[in-house]
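The primary structure of each chain is shown beneath.
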Amino acid sequence: MLQCTALTNIPEIQALVALTTMPGGPDNPPDTGMDGHALCELGEHDAQHTQHAARLRAVDTPATRDLWLFWTSTGRRHTHHLVELPKCPATLHHLTTGSRCPCTLYDHHPTPHSWHVTDPLRDLLVQQVLDAGTPTK
Ligand SMILES: [Zn+2]
Ligand SMILES: [Zn+2]
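Residues numbered from 1 in each chain as written. Chains lettered and ligands numbered in written order. Predicted model: local features only at pLDDT ≥ 70, side-chain atom pairs only at ≥ 80, totals over all residues. Heavy atoms only, no water.

Below, the discussion takes up the coordination of the zinc ion (ligand 2). Geometry reference: four tetrahedral donors at a metal, ideal angle 109.5 degrees. Six octahedral donors, ideal angles 90 or 180 degrees. Protein-derived ligands of the zinc ion (ligand 2) are Cys88 (SG), Cys103 (SG), His109 (NE2) and His113 (ND1), with the metal-ligand distances lying across 1.9 to 2.3 Å. Sequence spacing of the donors to the zinc ion (ligand 2): C-x14-C-x5-H-x3-H. Here histidine 109 lies in the loop between strand E7 (100–102) and helix H2 (120–133) and cysteine 88 lies in the loop between strand E5 (77–86) and strand E6 (91–93), a separation of 21 residues in the sequence. Histidine 109 carries the same exposure label as cysteine 88, and that label is buried. (Donors = N, O, S within 2.8 Å, 3.2 Å for Na, K, Ca; no water. Helix = DSSP H or I, 4+ residues; strand = E, 2+ residues; numbered from the N terminus. Buried < 20%, exposed > 50% of the residue type's maximum accessible area, 1.4 Å probe, protein only.)

And the structure:
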């Protein structure tokens with residue numbers, strides 16, 4: 001399944017306020033990760049019935065809850081909601097390698113677990129960065 005391609009501006013002030021005022025959240029606002037743009041992390045979905053969702057950051061350490069930005073768009077207008085949600089408890093176990101791959105989405109997410117969602121563009125970019133970091137001579 002391909003990843004949803006929706007993009008939004010992170011409402012930075014709203015996000016900082018939400019994070020610092022929630023129980024268990026950090027006392028001081030973090031300086032990174034709360035500005036710029038967010039990409040929907042769900043698999044392709046019906047934008048009419050399912051809101052787009054992007055994980056902004058962990059609320060506590062070790063992280064059991066994350067701050068998620070949900071949004072809907074009508075034309076150029078985006079409506080944002082910030083919600084603190086527990087992590088999805090699912091973990092993919094690779095029986096052959098013994099490695100574990102926890103789902104990165106929130107509990108009761110509407111689309112398949114994160115390991116079923118692929119983003120060909122991101123994979124390509126990551127591969128290019130890796131290739132660029134490897135000396136070719
Ligand atoms: Zn989406
Ligand atoms: Zn999941």
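There is more to say, and it comes next.
The strand order across the open sheet built from three strands is E3-E4-E5, with neighbouring strands paired in antiparallel fashion. Of all strands in the sheet, those with a lone pairing partner are strand E3 (52–58) and E5, marking the two edges. Strand-to-strand twist of the sheet, defined as the mean angle between neighbouring strand axes without regard to direction, takes the value 25 degrees. Across six bridges, the pairing between E3 and strand E4 (residues 65–74) is antiparallel. Bridge pairing links alanine 58 to aspartate 66 in E4. Across the sheet, helix H1 (residues 12–21) lies against E3, E4 and E5, angled at about 20 degrees from E5, the strand it touches most. (Pairing = 2+ DSSP bridges. Axes fitted to C-alpha atoms, helices over the stretch in contact; angles between N-to-C directions. Contact = heavy atoms within 4.5 Å.)

What follows concerns the pattern of salt bridges. Tallying each qualifying case throughout the model produces three salt bridges. The residue arginine 55 makes a salt bridge to aspartate 66 at a minimum N-O spacing of 2.8 Å. Taken together, the residues span a long stretch of sequence, with arginine 55 in strand E3 and aspartate 66 in strand E4 at a distance of 11 residues. Exposure remark for aspartate 66: the relative accessible area of 0% places this residue in the buried category. Close ionic contact of lysine 87 with aspartate 66 constitutes a salt bridge, the shortest N to O distance being 3.2 Å. Remark: aspartate 66 occurs in strand E4 and lysine 87 occurs in the loop between E5 and E6; sequence separation between them is 21 residues. The structure contains a network of salt bridges with shared partners spanning Arg55, Asp66 and Lys87. (Salt bridge = Lys/Arg side-chain N within 4 Å of Asp/Glu carboxyl O.)

Here we come to unusual backbone geometry. Positioned with a positive phi, histidine 108 is a non-glycine residue whose angle comes to about 60 degrees. The residue histidine 108 is located in the loop between E7 and H2 in this model. For histidine 108, a relative accessible area of 72% puts it in the exposed group.

What follows covers the nonpolar core. Membership of the largest hydrophobic core comes to 26 residues, with the highest contact counts inside it found for Met34, Leu56, Leu67, Trp68 and Tyr106. For this core, the elements supplying multiple residues, two or more each, are H1, E3 and E4. Among the elements that line this core, the one with the most residues is E4, at five residues. (Core = buried A, V, L, I, M, F, W, Y, C linked by side-chain atoms within 4.5 Å.)

Turning to the packing of aromatic side chains, a few remarks are in order. Using the criterion set out here, one finds two aromatic pairs in the structure. Consider the rings of tryptophan 68 and tyrosine 106, whose centres lie 4.9 Å apart with planes at 75 degrees: the pair is edge-to-face. Of the two residues, tryptophan 68 sits in strand E4 while tyrosine 106 sits in the loop between E7 and H2, which places them 38 residues apart along the sequence. A relative accessible area of 0% places tryptophan 68 in the buried class. (Phe/Tyr/Trp six-rings, centres within 6.5 Å; stacked < 30°, edge-to-face > 60°.)

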